[in-house]
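# Coordinate analysis (summary)
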Amino acid sequence: MGAEMAAGGGSLPGLLGRKSRYARMDDVLPPEPEDGGGVRVRGGGSSRRYVFACSVFASLNHVLLGYDVGVMSGCIIFIQKDLHITEVQQEVLVGCLSFISLLGSLAAGRTSDAIGRKWTIGLAAAVFQAGAAIMTFAPSFAALMAGRLLAGIGIGIGIMVAPVYISEISPAALRGTFASFPEIFISFGILLGYVSNLAFSGLPGHINWRVMLGAGILPSISIAFVLLVIPESPRWLVMQGRLADARAVLAKVSDGEEEAQERLAEIEEAARATGSGKAAWRELLRPSPVVRRMLITGLGVQFFQQATGIDALVYYSPTIFRDSGMTTESQLLAATVAVGFSKVAFIVIAIVLVDRVGRKPLLYISTVGITACLAVLAASLSLLARGALPGAAAVGLAVLTVCGFVAFFSVGIGPINMVLSSEIFPLRLRAQAVAVGFALNRMASGGVAMSFLSICRAVTVAGAFAAFAAVSAVSVVFVHLFVPETSGKTLEQIESLFGGVGVASGEVELGDAERLEHKRLVPNASSG
């Protein structure tokens, strides 16, 4: 603990403010005789600014997903009037994006292994652009669906590959922060979609929704510039046998030549155990106990992120606010903008805290908070329906609990879902396992989005959110039982947390290291 106190400045604020519970094993330099054998830890450098920039650029595709989710919540109001679609068609139009994007996520695993993480990011943007253009000029519901299906494939590819790419270029001490970037870009995209709804809602009814959808093409155009700037993943380069290229990239994203060599050695050792894509799928279908525990954690977090109803709330927030007593379209759209601002603000907080506080504490805060907000929302809507709650109070509680929901979601399970999914699997399984996780995530999202209106019609809006609250309560238990703390571990070392033999599975707490050393020097101490 003495070394930890020194690293944290010897005070409680210092300990709370440090980036991770453990010093990275590849950031700790060997003891030097002249300073009494003390442990010296490297500081940051320009490499971290470079990794920051690459992480931002790689996350731009996630603006597309967020924008589509946000803008559709308002578009659907005007599409329904212009194209005269039914409620079932409305559910299909909204929910199909999630289902079709899972095909993109599954394809992205093999694609990113074949052509690289970098060019898969570009492919995702191109496919989305084509789909968005078709939707913008769609003359009928069938053409609108065709464009939405194509856009969904592009989104599915994009949301899978970016977290993998970021985790593979980031140092362990900052991986949680950088791997959270995709979620903040989704939140930013949702906010842009809400603002677009409000800004263009005054246009003629047959034009406004087309302008809203067409504006989504603009962020994807920037991906062409991104491909000229970001490097390829060093882990993918090693898997292709391009060691010189991998070494050059690691030199840019590491704090010195020594760290670059250490990271290259770790990647090479992990790559030796990497088989073909078919071998990876076979291992996932017939997992060892270690891989099974990883799958339970990774897939479970992906499922609960969506099963608690975030997409129902984002897609249908105007419906929720209308049920609480709001009447005009301008009020409904303005309230959704408030939701978007809340989501963006708290995702920024999460990015600051994810490597300081750790993954698991934030997941506890997030899941407990979501459960409370859903329960209060369900109760308030139920009381309003019975006439036991004044209309103004119901509107206030609806806005407060919906904003609270997205705040707790954004501070925990929203971004950490992506962080965990991209860091817990070994290199030989990473692309395929992350693809399966995102596929499950999109399937849960689509199931919620496509059934929400029907569920509300069957059990009321209050009943639907009571069910989401029950699922969220189960997620609290899941986090407690199945999610380990991964903050500060290298990607290869995390395997040891699930009972495997990682590249450096000997990384333990400093107190444990002292006890192990004592046992080595005094063999009979444990039996005495």
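Calculation rules
- Residues numbered from 1 in each chain as written.
- Predicted model: local features only at pLDDT ≥ 70, side-chain atom pairs only at ≥ 80, totals over all residues.
- Heavy atoms only, no water.
- Helix = DSSP H or I, 4+ residues; strand = E, 2+ residues; numbered from the N terminus.
- Buried < 20%, exposed > 50% of the residue type's maximum accessible area, 1.4 Å probe, protein only.
- Contact = heavy atoms within 4.5 Å.
- Areas by Shrake-Rupley, 256 points an atom, 1.4 Å probe, with all protein chains shown as cover.
- Salt bridge = Lys/Arg side-chain N within 4 Å of Asp/Glu carboxyl O.
- Arc of directions from axis to C-beta.
- Phe/Tyr/Trp six-rings, centres within 6.5 Å; stacked < 30°, edge-to-face > 60°.
- Axes fitted to C-alpha atoms, helices over the stretch in contact; angles between N-to-C directions.
- Parallel < 35°, antiparallel > 145°, perpendicular 65-115°, else oblique.
- Left-handed = near helix turned anticlockwise from the far one by under 90°.
- Nonpolar A, V, L, I, M, F, W, Y, C, P; charged D, E, K, R; others polar.

## A look at the overall build of the chain
- For the chain, the count of helices and strands is 25 helices and two strands.
- Out of the 528 residues in the chain, the part that is buried amounts to 55%.
- Restricting to contacts in the chain with at least 6 residues of sequence separation, those with at least 24 account for 82%.
- Accessible surface computed for the chain: about 20200 Å², of which carbon and sulfur atoms make up 68%.

## Notes on the pattern of salt bridges
- For the structure on display, the rule yields eight salt bridges.
- For Arg 48, the salt bridge identified is with Asp 255, shortest N-O distance 3.3 Å. Taken together, the residues span a long stretch of sequence, with Arg 48 in helix α3 (residues 46-58) and Asp 255 in the loop between α14 (243-253) and α15 (257-272) at a distance of 207 residues.
- The buried category is assigned to Arg 48, whose relative accessible area is 15%.
- With its nearest N and O atoms 3.0 Å apart, the salt bridge here joins Asp 245 to Arg 242.
- One network of salt bridges, with partners in common, ties together Asp 113, Arg 117, Glu 168 and Arg 430.

## Quick word on α14
- Burial in α14 covers these residues: Ala 246, Val 249, Leu 250 and Val 253. The arc that holds every buried residue of α14, seen down its axis, measures 100°, which confines them to one face.
- In this structure, the buried residues of α14 make contact with α3, α7 (141-169), α13 (234-239) and α15.

## A short note on the packing of aromatic side chains
- All told, the structure shown has 12 aromatic pairs when counted by the stated rule.
- Both rings, one in Phe 303 and one in Phe 304, keep their centres 5.3 Å apart while their planes meet at 70°; by these two values the pair is edge-to-face.
- Taken together, the ring pairs connect Tyr 315, Tyr 316, Phe 452, Phe 465 and Phe 468 into an aromatic cluster.

## Thoughts on the packing of helix α6 (residues 117-136) against α7
- Put simply, α6 and α7 touch, their axes get as near as 7 Å, and they point 160° apart. Looking at the two axes, α6 sits roughly antiparallel to α7. At the point where α6 passes α7, the crossing takes the left-handed sense.
- Grouping the amino acids of the contact of α6 with α7 by side-chain chemistry returns 19 nonpolar, five polar and three charged.

## A short note on unusual backbone geometry
- For His 84, which is not glycine, the phi torsion reads 55° and is therefore positive.
- Inspection of the secondary structure puts His 84 in the loop between α4 (61-83) and α5 (87-115).
- A relative accessible area of 65% places His 84 in the exposed class.
- At Thr 460, a position not held by glycine, the phi torsion is positive, near 75°.

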